[in-house]
Amino acid sequence: MLLTVSGPPGSGKSTTAAALAEAFDLEHISGGDIFRELAAERDMTAVEFNKLAEEDGQIDRDLDRRLRDIALDRDDVLLESRLAGWLAGDAADLRFWLDAPVDVRAERIADREDKAPDIAREETTTREASEAKRYDAYYDIDITDLSIYDIALNTARWGPDEVTAVCIAAVDSYDPKADEGKYPVEGVRYDF
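Parameters at a glance
- Residues numbered from 1 in each chain as written.
- Predicted model: local features only at pLDDT ≥ 70, side-chain atom pairs only at ≥ 80, totals over all residues.
- Heavy atoms only, no water.
- Helix = DSSP H or I, 4+ residues; strand = E, 2+ residues; numbered from the N terminus.
- Rg over C-alpha atoms; globule rule 2.2 N^0.38 Å.
- Buried < 20%, exposed > 50% of the residue type's maximum accessible area, 1.4 Å probe, protein only.
- Contact = heavy atoms within 4.5 Å.
- Areas by Shrake-Rupley, 256 points an atom, 1.4 Å probe, with all protein chains shown as cover.
- Lys, Arg positive; Asp, Glu negative; His and termini not counted.
- Charge placed at Lys NZ, Arg CZ, Asp CG, Glu CD.
- Salt bridge = Lys/Arg side-chain N within 4 Å of Asp/Glu carboxyl O.
- Pairing = 2+ DSSP bridges.
- Axes fitted to C-alpha atoms, helices over the stretch in contact; angles between N-to-C directions.
- Core = buried A, V, L, I, M, F, W, Y, C linked by side-chain atoms within 4.5 Å.

Participant: For this particular structure, what's the right way to read the overall build of the protein chain?
Facilitator: Looking only at helices and strands, the protein chain has eight helices and five strands in total. Counting from the amino terminus, helix and strand elements in the protein chain follow one another as β-α-β-α-α-α-β-α-β-α-α-β-α. Computed over C-alpha atoms, the radius of gyration of the protein chain comes to 16 Å, within 12% of the 16 Å expected from 2.2 N^0.38 for 192 residues, which places it in the range of a compact globule. Principal-axis analysis of the C-alpha atoms places the extent of the protein chain at approximately 45 × 35 × 25 Å. Of all 192 residues assigned to the protein chain, the portion counted as buried reaches 43%. Of the contacts formed within the protein chain by residues at least 6 apart in sequence, a portion of 76% connects residues at least 24 apart. When the accessible surface of the protein chain is summed, it comes to about 9800 Å², and 47% of that surface belongs to carbon and sulfur atoms. With 23 positive and 45 negative side-chain charges, the protein chain shows a spacing of 3 Å between the two charge centroids.

Written as structure tokens, this is what we have:
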């Protein structure tokens, strides 16, 4: 089984992905963890590293290639990243998109990173705009196009346990024999 969990910063991706991976005994691969590790190796924050990635396209491409290869080559994986659904493409069994209003996400990030909510909001919106430009330029991916996702959830409406329960229920009730077809992932340039 290959599941993907995607969404913007502060949407609950990591929390939900970890719980789903545990529930279905899947290896949890987090693009965000890999990105933060690469930033830390250069003594940079994620925001600083994101700015560097704007200038050095190879940073995104290396990370994205690694995630795509994992999606295509390994079994029993949960892939978590902003682009996980796009990178896994048709190899994914189910693709989830999590989101919440930006003010909610900024509060979550502020709590997690011990910073002021207005700073977290500014950094988050700046980061999202930067990433959206790069995804479009590199791969022709419009990150706002949610049509490839099987389920999109506003995580501000439910708590983490309830969001996870919805996703688990979707996976549990999924019957490949009754599946009439997922939305194909088309038009992406996997230019790594």
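Participant: Which parts of the structure should I look at to understand the pattern of salt bridges?
Facilitator: Two side chains of opposite charge can pair, provided their charged atoms sit close to one another. For the structure on display, the rule yields 15 salt bridges. With a closest N to O distance of 3.7 Å, Glu-113 and Arg-112 form a salt bridge. Taking relative accessible area as the criterion, Arg-112 reaches 57% and is therefore assigned exposed. Residues Arg-189 and Asp-140 are paired through a salt bridge, measuring 2.9 Å at the closest nitrogen-oxygen approach. Of this pair, Arg-189 sits in the segment after helix 8 (160–173) while Asp-140 sits in the loop between helix 7 (117–139) and strand 5 (151–154); the two residues are 49 residues apart in sequence, bridging distant segments of the chain. Taking relative accessible area as the criterion, Arg-189 reaches 34% and is therefore assigned partly exposed. One network of salt bridges, with partners in common, ties together Arg-112, Glu-113, Lys-115 and Glu-123.

Participant: Whenever I open this one, the environment of Ser-147 confuses me. Can you help?
Facilitator: Note that Ser-147 resides in the loop between helix 7 and strand 5. A relative accessible area of 35% means that Ser-147 is categorised as partly exposed. Residues Ser-147 and Tyr-183, spaced 36 residues apart in sequence, show a C-alpha to C-alpha distance of 6.9 Å.

Participant: Just checking my understanding: could you explain the sheet that holds strand 2 (residues 27–30) for this structure?
Facilitator: What links the strands of a sheet is backbone hydrogen bonding, and the strands pair in either a parallel or an antiparallel sense. Strand order in the open sheet formed by five strands is 2-3-1-4-5, with parallel pairing between adjacent strands. Edge positions in the sheet fall to strand 2 and strand 5, since each of these pairs with one other strand and no more. The average angle at which neighbouring strand axes cross in this sheet is 20°, direction not considered. Bridge count for strand 2 against strand 3 (residues 77–80) is four bridges, and the pairing is parallel. For His-28, the partnering residue across the bridge sits in strand 3 and is Leu-78. Packed on one face of the sheet, helix 1 (residues 13–23) meets strand 1 (2–6), strand 2, strand 3 and strand 4 (94–99) and runs near 180° to strand 3. Each of strand 1, strand 4 and strand 5 is contacted by helix 8, which is oriented at about 165° to strand 4, the strand it contacts most.

Participant: Before we go on, may I ask you to explain the nonpolar core in this structure?
Facilitator: Most often, soluble globular proteins keep nonpolar side chains buried together rather than apart. Counting residues in hydrophobic clusters, the biggest one holds 30 residues, and the most contacted among them are Leu-2, Ile-29, Leu-67, Leu-79, Leu-83, Trp-86 and Ile-141. For this core, the secondary-structure elements that each account for two or more residues are helix 2 (31–41), helix 3 (46–55), helix 4 (58–73), strand 3, helix 5 (84–88) and helix 7. Looking at which element gives the most residues to this core, the answer is helix 4, with five residues. With residues near it in sequence (within four places) discarded, Trp-86 still touches Ile-141, Asp-142, Ile-143, Asp-145, Ile-148, Tyr-149, Val-185, Val-188 and Tyr-190. Counting 16 residues, the second largest nonpolar core, distinct from the first, contains Leu-3, Phe-24, Phe-96 and Leu-153.

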